[in-house]
Structure formats: structure tokens, C-alpha cells
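# Fold and contact review
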Amino acid sequence: MSARLSPSAVEVEEFIDKTGTDGATKATQSGALFGMQNGAMNGVITQATNGNAHSQSGGARRALSSRSLSGSRGAASLDGLEEGVVEKPLREKNFSKWRNQALYSGLAYCLSSCSMILLNKVVLSGYRLEAGIFLMFYQNLVSVLIVYILSLCGTINIEPITGKLVRTWLPVNVIFVGMLVSSMYSLKYMNVAMVTILKNITNLITAVGELYLFNKRHNKKVWGSLFLMVLSAVCGGITDLSFHRLGYSWQIMNCFLTAAYSLALRKVMDLAKQATKSGTLNEFSMVLLNNSLSLPLGFALMLIFNEAEFLYNSPAIRLPMFWAVSTMSGLLGLAISFTSMWFLHQTGPTTYSLVGSLNKIPLSIAGILIFKVPTSVSNLLSIFFGLFAGVLFARAKMS
């Protein structure tokens, strides 16, 4: 809907929300993400391939039946018996296997997405960590190391990072770092439910950007759902009992940066492909590129904001559990990349977009209950109204 994969914690999910089904399909064909995004969105292609396979096997059966007509009717009956007894259970078995894969991949994506946001909230608020840039830096470092290890083991393929590719991608990476940092600080000062609702404003900013930059027009249902999103965000802010001016400022900044990242990504993606040796840029190469480039910039920001001194005096970094939770959140950020590609491959961008919107509902409820957020009936109504508007937006983008 937001850590350290490609388009990261914010990413896969938000990229699909902002670009819609068409943008997601285009991202699939290019082998990149989000966002998001976004990875292997070949569910529709897979289904089409399966359909072709059935058509071909059906043609073969018809040819066999034609040949059998010149023989005996008994042979034709035997062919029909084999077709009904053998091939029907095979089709049912394949469908059952696909359905289970779709279910498992969807659950894995939802769990990794929700868990990462909640863990980040634990690290930032539970340990009173005043160093959001450091947390981003550490999570991105974990992602880089894991991707390199998987590449050395031959599990995944990544593009080599060249000087030309770095120069092409660096402007987008600056926005990427700003997006992650602002997301960290907004989550520190705000409750999870209100962060989720305010993130919906990103969709409006992106839609306006698409209209002026790419001349992409949306139907009335999309604009109507966007209006409901903004209305719910305003009502939620007014009724928020834990309102924090600094937190809201960071989140509004995050909305603009996330929209800018999504729009800039479309401009830069084709140029980035031309800067690679193979002419492609897959999801894992994007993870490595984004997170690797973010490390020197993140380190510089840590020095500028004097986070090193805070970390030196903070009791949290002396706790093994703090490092365990921080490392786990970094791993979950990378897990979102894997599970989102798996889920998209098993289903398709349309299902992914809708599930991403529905996933915000249990996330918001968990955020309120786990962190014991003070709330009111009017604020809860605003939150669920915003979540409902998000589902309407996802459906409107499909139409």
C-alpha cells in the first residue's frame, strides 16, 4: 500500500495502486516493478499459455478421433473413454494446484507486507529510536547483502552495476531515499491506521501527474473514489486523538515523494534498460541498484542529521532484541519483493491490486489493537471509510 526491496515498503503495493492494471502489466513485461514494481506480473500470460495448451491438446484429440472413424466404432469409444477418465482428472489436478499456489502466495505477500510495517513501528516507537535514517540504511544494507549472496549461489540473476547505469538511475534514487526516510518518520509519530489512510492521497497526486505528464485520463469512477479518499483523510486527521503535526508533515511529504518516484520511474526505466548489457532490468537488479545507491546517500544524511551521536548514546542499540527486530524488518522488506512477484505470477495485476487494498484493513485494525492507539467512533468511521474508498479505487482502475 509501504523497506528495502525495490520500491520497498512503500512500493510494490503503492506502485500498483498508482499505475493501475495497465501500468502493472507494462511493468511485468519489462521485468521490473512499483510499485511498484513490479516484478513478474505474468499471471494473465500464464493463464493464456494454459489455454493454448488445452487448445493444442484438444486439436490433437480431434485429429485422433478423425483417424479412428476410419477404424471401428469400438476404438472411437475407447478414445472417448480415455478422454473422460484420464484427461479430466488431470485438468482438475492442475486447476487445484494453481488455486493452492495462488492462495499460498497471496497469504505470504499479505503477511510479509503487514509484518514489516508493524515491525518498523515497533523499532521506531517501541525502542524510541530517533534515527529513522539509520534504520533505512541498515535495512537496505541487509537487502543488498542477501541479494548478493543469492546471486553468488546462482539462485537469482542480476545485472552488473555500471557507471552509465548509476548516472541514469541516481536522480530517481534520491527521490527513493527521500521516500523511505519520510515514511520512517511519519510512521514514528503517527499510528499505523492513519498512515495507511493518508497514503491514499498519493493516488490523487499521481493521477494528476499522469494527466499532465503522460496525458493519461481516468474515468469518473476513479476521480470519485479519489475524492472519497481525500475526504476520509481530512476527516481522519480532524478526529485523530493522537494527532501529531510533525508526523502529518512527514506523511504529506511522503505522499508527494512517492508519487514523484512512481512518475519518474516510468521516465527512467527505458533509459535504464538501455544502460544495461542485456537490455533488461529485472526486479532483483532493481533491488540491488536502488539499495546500493541509497547506502552512501543514507550515510551522508546520518552525518548531516547527527544520528551517529544519538546512536552512540542510545541504550536500544545495546539490546540484542533491537538488532533482531531491525534485521527481521529488513528481511521482510526483501520478502515483499519475492512474495509480490510470486503472487503476481500466480494471479495477475488485477487480483494483486484488489488484494493490496483489502490488505490495508487487517493492517489498520492490527495497528490500533497492538499499539493501543487512543481513538474515537468518529475516527474509526473515518478510517474504515478511507479503506472502503481504497477498495473502490482499485475496482475503478480495473474497469
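Along each chain, the written sequence defines residue order, and numbers are assigned to residues from 1. Per-residue local features of the predicted model are confined to residues with pLDDT of at least 70, and side-chain atom pairs are confined, for both listing and counting, to 80 or more; whole-chain, interface and lining totals are unaffected and use all residues. Working from all heavy atoms in the structure, the side-chain values ignore hydrogens and water.

Unlike most non-glycine residues, R128 shows phi in positive territory, near 50°. Structurally, the position occupied by R128 is in the loop between α3 (73–126) and α4 (132–152). When a residue's accessible area, from a 1.4 Å probe over protein chains only, is under 20% of the maximum for its type it is buried; when over 50% it is exposed; and in between it is partly exposed. R128 gets classed as exposed once you look at its relative accessible area, which sits at 67%. Secondary structure elements follow DSSP: runs of H or I no shorter than four residues count as helices, runs of E no shorter than two count as strands, and numbering proceeds from the N terminus.

Let us now look at the side chain of N254. Following the sequence through the fold, N254 ends up in helix α9 (residues 245–274). Whether two residues are in contact is decided by their heavy atoms, any of which lying within 4.5 Å being enough. Residue contacts for N254: discarding those within four places in its chain leaves M179, S182, S183 and K199.

Patch building starts from residues that exceed 30% relative accessible area and form no salt bridge, then joins like charges within 9 Å and nonpolar side chains (Val, Leu, Ile, Met, Phe, Trp, Tyr) within 5 Å. For the accessible areas, the method is Shrake-Rupley and the probe is 1.4 Å, while residue cover comes only from the protein chains on display. Salt bridge, as used here, is a side-chain nitrogen of Lys or Arg placed within 4 Å of a carboxyl oxygen of Asp or Glu. Residues L103, Y104, L107, L111 and W342 make up a contiguous nonpolar surface patch of roughly 520 Å² in combined accessible area. A total of four residues in the nonpolar patch trace back to one element, the largest contributor, which is α3. Relative to the elements of secondary structure, Y104 occurs in helix α3. Here Y104 falls in the partly exposed class, since its relative accessible area comes to 47%.

Our next topic: the packing of helix α7 (residues 201–213) against α9. Packed helices, taken two at a time, are described by the angle between their axes plus the distance between the axes. Here an angle of 0 to 180 degrees is reported between the N-to-C directions of two axes, which are lines fitted to C-alpha atoms, with helices fitted over the stretch in contact. Following both chains from N to C, one finds α7 and α9 inclined at 40°, their axes separated by 8 Å at the closest point. By the angle between their axes, α7 is oblique relative to α9. When you trace α7 past α9, the crossing you get is right-handed. Counted together, I201, T202, I205, T206, G209, E210 and L213 of α7 and C255, F256, T258, A259, S262, L263 and R266 of α9 form the full contact between these two elements. Of the residues belonging to the contact of α7 with α9, the class tally is seven nonpolar, five polar and two charged. Oblique is the label for any angle not covered by the other classes, which are roughly parallel (under 35 degrees), roughly antiparallel (over 145) and roughly perpendicular (65 to 115). By definition, any crossing whose near helix is turned counterclockwise from its far helix by less than a right angle is left-handed, and any crossing with a clockwise turn is right-handed. By the convention adopted, Pro, Cys, Tyr, Trp, Phe, Met, Ile, Leu, Val and Ala count as nonpolar, Lys, Arg, Asp and Glu as charged, and the other residues, Gly among them, as polar.

Take the pattern of salt bridges next. As a working rule, side chains carrying opposite charge can pair if their charged atoms are close by. All chains considered together, the criterion is met by two salt bridges. A salt bridge links K188 to E130; the nearest nitrogen and oxygen atoms lie 3.4 Å apart. Here K188 is found in helix α5 (residues 163–189), whereas its partner E130 is found in the loop between α3 and α4, with 58 residues between them in sequence. The class of E130 is partly exposed, set by a relative accessible area of 37%. With a closest N to O distance of 2.5 Å, E210 and R266 form a salt bridge.

Contact geometry for α7 and helix α8 (residues 220–239): axes closest at 8 Å, N-to-C directions at 140°. Between α7 and α8, the interaxial angle falls into the category oblique. Our pair here, α7 against α8, has a crossing hand that is left-handed. For the pair formed by α7 and α8, the contact residues are I201, N203, L204, A207 and V208 on the first element and W223, L226, M229, V230 and A233 on the second.

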